[in-house]
Amino acid sequence: MNDKLDAGEVNDLMVGGIDVHIHSNPHTFPDIHAQDVIGLAQQAHQAGMRAMIVKDIGPTTTGAAYVVTRLGPGIPIFGAHVMNVATGGINPRGVWIALNHGDGAKVVHFPTGDTKNHTDYRRKFYAGVNPPLPDHMTITVLKDDELIPEAKEVIGLVKEKGAFLATSHLSATESHAVVKEAKNQGLDRIIISHALWAMTRLTLEDLKHFASIGCLIEFEFCLATPLMHFVHGETPIDPRIIAKTIKEVGAEHSFISSDLGQLYSPLPVEGMRSYVAILRRCGISADEIRRMFHHNPARIAGLE
């Protein structure tokens, strides 16, 4: 534990930081999101942050990001694409458009709440945040235990454009299949999303394996906030578990994000400020924070 932490150090670590997983308005559910992307950019700029990537569970966010980058306070905002039902699911044409629209989606996410994995998982608790989806419309990347052709095509498109591919809300089994194919195609820009959320069913051995072959492992602050009670019916994770897992996986293979922007959670910039302080208090060094909040996210945003 770090008992000598002060606000000045935390503020210094915010300078140059990049958050690559944020929810903001305009959003599919604007009433439960606390801030639009203009306000987000203003706060990030004031904190000295370098860039941000925003996402939506519905439309691709490249349009809003393009406008705010050019008319906002001076910090680049990038967009992302989520392969949910709203964008056609595992839809290579939709992915191609997202990768070429505006400044291009920096991250292409496999589906979130529309995955069969997440739909099955939330049967125990459903808060209404994700649009209800009948079983026959849920999305999986596997058919007869093999990766579907559309997923393989998406991987090729992401590699060609130099973007990152995120496993998002896929199951561990699906993530292994996706990563294996991505590696076969020579794609090295891979995010293993939500490393410690039970929904993904990832184990520590899974994380170590993915890290060993060059994937970046995501550790998001959202998992440690009360939002988990309201949206997922789960107890927030102890941040000491996050810190311990980062140490075991290696900060060089990891990045931190907020996954915030919801009405009942801290605003993303302040959330990241708290997260940095909490991780420092839990024994993560300043150099490890810089690796996970500055350097590795810069790769994701296409800035290195």
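Use the structure listed above.
If you're wondering where the values come from, they're calculated on a predicted model, not measured in any experiment.

Visitor: Help me out: how do you make sense of the environment of Glu 218 in this one?
Guide: Here Glu 218 lies in strand E10 (residues 216-220). Placed 40 residues apart in sequence, Glu 218 and Ser 258 show a C-alpha to C-alpha distance of 10.0 Å. For Glu 218, the residues in contact, after removing those within four places along its chain, are His 21, Ile 191, Ile 192, Ser 193, His 194, Ala 195, Phe 255 and Ser 257. Side chain to side chain, Glu 218 and His 21 meet in a polar contact 2.7 Å long. A distance of 3.0 Å separates the side chain of Glu 218 from the backbone nitrogen of His 194, its partner in a polar contact.

Visitor: Just checking my understanding: could you explain the packing of helix H8 (residues 204-212) against helix H10 (residues 239-249) for this structure?
Guide: Each pair of packed helices gets described by two things: the angle between the helix axes and the distance between those axes. Following both chains from N to C, one finds H8 and H10 inclined at 45°, their axes separated by 10 Å at the closest point. The angle between the axes of H8 and H10 places the two elements in the oblique class. For the crossing formed where H8 meets H10, the hand is right-handed. Only Thr 245, Glu 248 and Val 249 of H10 make contact with H8, whose side of the interface consists of Leu 204, Leu 207, Lys 208 and Ala 211. The residue makeup of the contact of H8 with H10, split by class, is 4 nonpolar, 1 polar and 2 charged.

Visitor: Please clarify how the packing of aromatic side chains should be interpreted in this entry.
Guide: Each pair of aromatic rings is reported with the distance of its centres and the angle of its planes. By the definition in use, this model includes 3 aromatic pairs. Ring centres of Tyr 121 and Trp 197 lie 6.5 Å apart, and the angle between their planes is 90°; this geometry places the pair in the edge-to-face category. Within this pair, whereas Tyr 121 is found in helix H5 (residues 116-121), its partner Trp 197 is found in the loop between strand E9 (190-192) and H8, the two being separated by 76 residues in sequence. Residue classification places Tyr 121 among the buried positions, given a relative accessible area of 12%. The ring of Tyr 66 has Arg 70 sitting right over it, with the charged end atom 3.6 Å from the ring centre. Sitting over the face of the ring of Phe 78, Lys 106 holds its NZ or CZ atom 5.0 Å from the ring centroid.

Visitor: How should I be thinking about the layout of surface pockets in this particular structure?
Guide: A probe matching the size of a water molecule, rolled over the atoms, marks out where space remains unfilled. Approximately 170 Å³ is the volume attributed to the largest pocket. In this structure, the largest pocket is lined by Leu 142, Asp 145, Glu 146, Leu 147, Lys 152, Thr 173, Ala 177, Lys 180, Glu 181 and Asn 184. Elements that contribute at least two residues to the lining of the largest pocket include exactly strand E7 (146-147) and helix H7 (172-184).

Visitor: Hey, could you run me through empty space enclosed by the protein in this one?
Guide: Tallying each qualifying case throughout the model produces 3 cavities of 30 Å³ or more. In this structure, the largest cavity occupies an estimated 330 Å³ of space. Lining the largest cavity are 26 residues, with His 23, His 169, His 232, Asp 259 and Gln 262 sitting closest to its centre. With 4 residues, the single largest contributor to the lining of the largest cavity is helix H9 (residues 227-232). Of the residues in the lining of the largest cavity, the class split is 11 nonpolar, 12 polar and 3 charged. Together, 13 residues line the second largest cavity, and His 118, Arg 122, Phe 125, Val 231 and His 232 are the ones closest to its centre. Mapped onto the lining of the second largest cavity, the elements with two or more residues apiece are H5 and H9. Taken together, the residues that form the lining of the second largest cavity break down as 6 nonpolar, 4 polar and 3 charged.

About the criteria used
Residues numbered from 1 in each chain as written. Predicted model: local features only at pLDDT ≥ 70, side-chain atom pairs only at ≥ 80, totals over all residues. Heavy atoms only, no water. Helix = DSSP H or I, 4+ residues; strand = E, 2+ residues; numbered from the N terminus. Contact = heavy atoms within 4.5 Å. Polar contact = N/O pair within 3.5 Å; in protein donor to acceptor, adjacent residues only side chain to side chain. Axes fitted to C-alpha atoms, helices over the stretch in contact; angles between N-to-C directions. Parallel < 35°, antiparallel > 145°, perpendicular 65-115°, else oblique. Left-handed = near helix turned anticlockwise from the far one by under 90°. Nonpolar A, V, L, I, M, F, W, Y, C, P; charged D, E, K, R; others polar. Phe/Tyr/Trp six-rings, centres within 6.5 Å; stacked < 30°, edge-to-face > 60°. Buried < 20%, exposed > 50% of the residue type's maximum accessible area, 1.4 Å probe, protein only. Lys NZ or Arg CZ within 6 Å of the ring centre and 35° of its normal. 1 Å grid on protein atoms, 1.4 Å probe; cavity = no way out; pocket = protein on both sides within 12 Å on 5 of 7 lines; lining within 4 Å. Points joined across faces, edges and corners; volume = space filled by probe spheres on them.

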